[in-house]
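Results of the structural survey
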Amino acid sequence: MKCPYCGETREKGIIESSEPINFMKEVRFVNRAKKSLGEFNLATPPLGGRASIEVFLCRDC
Ligand SMILES: [Zn+2]
């Protein structure tokens, strides 16, 4: 997948966490995303497990 900013090839990987992974507009130390603030839960870890999401990294940007 190409980087939309510089056009170089991005590396596929994952971000993982033992806590929920949420899209938020600013840093807040919370576990649950609040939809009223435009936040969105991307992944929730299973009991005793880890949450993960697929991401693409551009090392040039
Ligand atoms: Zn880039």
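As shown above, the structure is provided for reference.
All values reported here derive from a predicted model rather than from experimental measurement.

Our focus in this paragraph is the environment of Met1. By the secondary structure assignment, Met1 is in the segment before strand E1 (11-17). Overall, Met1 belongs to the exposed group, its relative accessible area being 55%. The sequence separation of Met1 and Leu57 amounts to 56 residues, and the corresponding C-alpha distance is 9.6 Å. Excluding its chain neighbours within four sequence positions, the residues that come into contact with Met1 are Glu8, Thr9, Arg10 and Phe56.

Before going further, it helps to examine the coordination of the zinc ion. Around the zinc ion, the protein contributes the donor atoms Cys3 (SG), Cys6 (SG), Cys58 (SG) and Cys61 (SG), which lie 2.3 to 2.4 Å from the metal centre. Note that the zinc ion binds 4 donor atoms; their angles at the metal cover 101 to 113°, and the shape is tetrahedral. Donor residues for the zinc ion, ordered by position in the chain, follow C-x2-C-x51-C-x2-C. Here Cys3, found in the segment before E1, pairs with Cys58, found in the segment after strand E4 (51-57); they are 55 residues apart in sequence, far enough to count as distant. For Cys58, a relative accessible area of 12% puts it in the buried group.

Cut-off values and rules
Residues numbered from 1 in each chain as written. Predicted model: local features only at pLDDT ≥ 70, side-chain atom pairs only at ≥ 80, totals over all residues. Heavy atoms only, no water. Helix = DSSP H or I, 4+ residues; strand = E, 2+ residues; numbered from the N terminus. Buried < 20%, exposed > 50% of the residue type's maximum accessible area, 1.4 Å probe, protein only. Contact = heavy atoms within 4.5 Å. Donors = N, O, S within 2.8 Å, 3.2 Å for Na, K, Ca; no water. Tetrahedral: all angles 85-135°; square planar, octahedral: opposite > 155°, others 65-115°.

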